[in-house]
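A look at the structure
Listed below, chain by chain, are the residues.
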Amino acid sequence: MAVDSVLSSPLGPPACEKDAKALQFIEEMTRNADAVQERVLDEILTRNSQTEYLKRFKLDGAGNRETFKSKIPVVTYEDLQPEIQRIVNGDRSPILSAHPITEFLTSSGTSAGERKLMPTIKEELDRRQLLYSLLMPVMNLYVPGLDKGKGLYFLFIKSETKTPGGLLARPVLTSYYKSEHFKSRPHDPYNIYTSPNEAILCADSFQSMYTQMLCGLYEREQVLRLGAVFASGLVRAIRFLQLHWSQLTHDIRTGTLNKQITDTSVCERMGKIMRPSPDLAHFVANECCKENWEGIITRIWPKTKYLDVIVTGAMAQYIPTLDYYSGGLPKACTMYAASECYFGLNLNPMCKPSEVSYTIMPNMGYFEFLPHDPTATSSPTNLVDLVDVEVGKEYELVITTYAGLYRYRVGDILRVTGFHNSAPQFHFVRRKNVLLSIDSDKTDEAELQRAVENASKLLREFNTSVVEYTSYADTKTIPGHYVIYWELLMKDLNNSPSDEVLNKCCLAMEESLNTVYRQGRVACNSIGPLEIRVVKNGTFEELMDYAISRGASINQYKVPRCVNFAPILELLDSRVMSRHFSPSLPQWTPGRRR
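So, here is what we can say about the structure in this document. These numbers come from a predicted model, not from an experiment.

Relative to strand S10 (residues 342-345), strand S9 (residues 335-337) runs antiparallel, the two sharing three bridges. Residue pairing in the sheet places Met 335 in a bridge with Leu 345 of S10. Hairpin connection between S9 and S10: a loop of four residues separates the two successive antiparallel strands. Of the strand pairs in this sheet, S10 and strand S11 (residues 358-360) are connected by two bridges, and their pairing is antiparallel. Across the sheet, Gly 344 pairs through a bridge with Ile 360, a residue of S11.

In this section: the sheet that holds strand S22 (residues 576-581). Here four strands make up an open sheet; going across it, the order is S19-S20-S21-S22 and the pairing mixed. The outermost strands of the open sheet, each flanked by one partner alone, are strand S19 (464-474) and S22. Neighbour to neighbour, the strand axes of the sheet diverge by 25 degrees on average, direction disregarded. As paired strands, strand S21 (residues 531-535) and S22 are joined by five bridges and run antiparallel to one another. Counted as the bridge partner of Glu 531 is Phe 581 from S22.

Turning to the environment of Pro 119, a few remarks are in order. Looking at the secondary structure, you find Pro 119 in strand S2 (residues 114-120). Assessed through its relative accessible area of 5%, Pro 119 is described here as buried. Residues Pro 119 and Ala 403, spaced 284 residues apart in sequence, show a C-alpha to C-alpha distance of 6.6 Å. When near neighbours in sequence (up to four residues on either side) are disregarded, Pro 119 contacts Ile 84, Leu 96, Ile 101, Glu 103, Phe 104 and Ala 403.

Mapped onto the secondary structure, Lys 18 falls in helix H1 (residues 17-31). Only 3.4 Å separates the side chain of Lys 18 from the side chain of Asp 188, close enough to count as a polar contact.

Moving on to the pattern of salt bridges. Considering all chains together, one arrives at 40 salt bridges under this definition. With a closest N to O distance of 3.4 Å, Lys 18 and Asp 188 form a salt bridge. Of this pair, Lys 18 sits in helix H1 while Asp 188 sits in the loop between helix H8 (180-183) and helix H9 (197-200); the two residues are 170 residues apart in sequence, bridging distant segments of the chain. Taking the relative accessible area as the measure of exposure, Lys 18 reaches 55% and is therefore exposed. The buried category is assigned to Asp 188, whose relative accessible area is 18%. Asp 91 serves as the salt-bridge partner of Arg 86, at 3.1 Å between the closest nitrogen and oxygen. The class of Arg 86 is partly exposed, set by a relative accessible area of 30%. Classification of Asp 91 as partly exposed rests on a relative accessible area of 26%.

Our next topic: the packing of aromatic side chains. A full pass over the atoms with the stated rule returns 21 aromatic pairs. Plain terms: the ring middles of Phe 369 and Phe 426 are 4.9 Å apart, the flat faces sit at 15 degrees to each other, and that makes the pair stacked. On the criterion of sequence distance, the pair formed by Phe 369 in strand S12 (residues 366-371) and Phe 426 in strand S16 (residues 423-431) is long-range, its members being 57 residues apart. Residue Phe 426 is classed as buried on the basis of its relative accessible area, which comes to 1%. Above the face of the Tyr 402 ring, Arg 127 is positioned so that its terminal group lies 3.8 Å from the ring centre.

Criteria and thresholds
Residues numbered from 1 in each chain as written. Predicted model: local features only at pLDDT ≥ 70, side-chain atom pairs only at ≥ 80, totals over all residues. Heavy atoms only, no water. Pairing = 2+ DSSP bridges. Helix = DSSP H or I, 4+ residues; strand = E, 2+ residues; numbered from the N terminus. Axes fitted to C-alpha atoms, helices over the stretch in contact; angles between N-to-C directions. Buried < 20%, exposed > 50% of the residue type's maximum accessible area, 1.4 Å probe, protein only. Contact = heavy atoms within 4.5 Å. Polar contact = N/O pair within 3.5 Å; in protein donor to acceptor, adjacent residues only side chain to side chain. Salt bridge = Lys/Arg side-chain N within 4 Å of Asp/Glu carboxyl O. Phe/Tyr/Trp six-rings, centres within 6.5 Å; stacked < 30°, edge-to-face > 60°. Lys NZ or Arg CZ within 6 Å of the ring centre and 35° of its normal.

What follows is the structure, encoded as structure tokens:
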């Protein structure tokens, strides 16, 4: 029941008093965006004034923008690595932050093949929790009755390590799910999950997925929304059901738990949930045994109102698959966040994926924007403040955080689509320099080049070399996988590389890719085996001819290192002579950062 008009919000009538306060907070922050930004910057600089990093630039305690911008340089992760490495090794002096660094958040971005380690402080959990608390009040404006059912969310933790200095290093969501903010969250009728904490917090990805799916099937009539963090995760969950429905329905029919589930806390919790339900087992089996899985989500979970997944950026490639499985259900992208900082939320979450825009919340950190022009010959030097960005223009996000990042280039390219009050709204365009991505992996051109070079070493004894190559992320398979097109020059046709050698080339490429990719292959099963497709000689000349026919300059043409335009993929695939896959998993261990 909507609250009275006294508590109404310009965003719409709130569903309850708690929602009204959240919406009012959004309005206050966005109406006063510039003043909030000034306050945030002053707080960050004042509290961290005695840190080694800020003292180096002689701010002398000044917290104003002009001094800050004139003295503090814009930096990348590589610029900060020496300071971060000292903290990693155990230096507890105030290097970047006056507040103690409590852990490192591992970014899915890469740096020379390593995860980036983002220092964070205890209070950042409160800031993240605040943004989470705003999501459902906004969603309730668009989808009524979400307190009458549950959410089936496939949430997972990933491996964590300890730095030489004894601090935990783990992904930001693992940090959040393991925190008391999540584990001891207060009851909220608008935010009840079918998955018990024990299943979410199980480190074994199979056991976690299996029991979360089992709980979702038991409560199929209660589910009003399905979700995962990324679209790839939800697609993977449906594929998991496709592979394991027979065992799942056996468990439901008999009320007994699969013997592969051995985690003690999960078994104890599932013991309170499991019950024999032959009718439910028959229904699920009857739906899953059909060859056609179109609309399977709404067939099994008939009350589902929307899918809660990120489908912007690289995740847009999963939209057709999700449409197929869900019968075209709306896909809500609710928030924009990264390991470095949580940024903002989508105030129109039921819009089309192509129209998603995120409103930056000015209290989360201090934000600046570097104008982005891919045709420019030199980098711009003048950064723009949050409220001064221009609609239609693209910018690279630069942040200053409470945890000790100052004028840090995140690497996200954003386009301004409008404003909510005085706070700008951004469409996420892409990660800067990222070529390939299936899940949370990000492979850039330099890394792909190194991988090709390392793999091609295996061809030398056959007097064979890679003449040209390109790539694309194939998400038609589940899980998705990298496809690399190779055109080879074989100087001795009587000694050409065998299928076995080319398969080993696939594995050599995987061994050369970053740890996030290899974790996805080995531990998360979120990425399939890398594939090399060998194409006929002259294929890349045909590719150039096609590009020139479409207006490209012959003098400036370069082979694209990643392609996704359907006609080009069709041309490449029509010239494929052989296909090869990685024969085994690349090496990866939780403690290995390279």
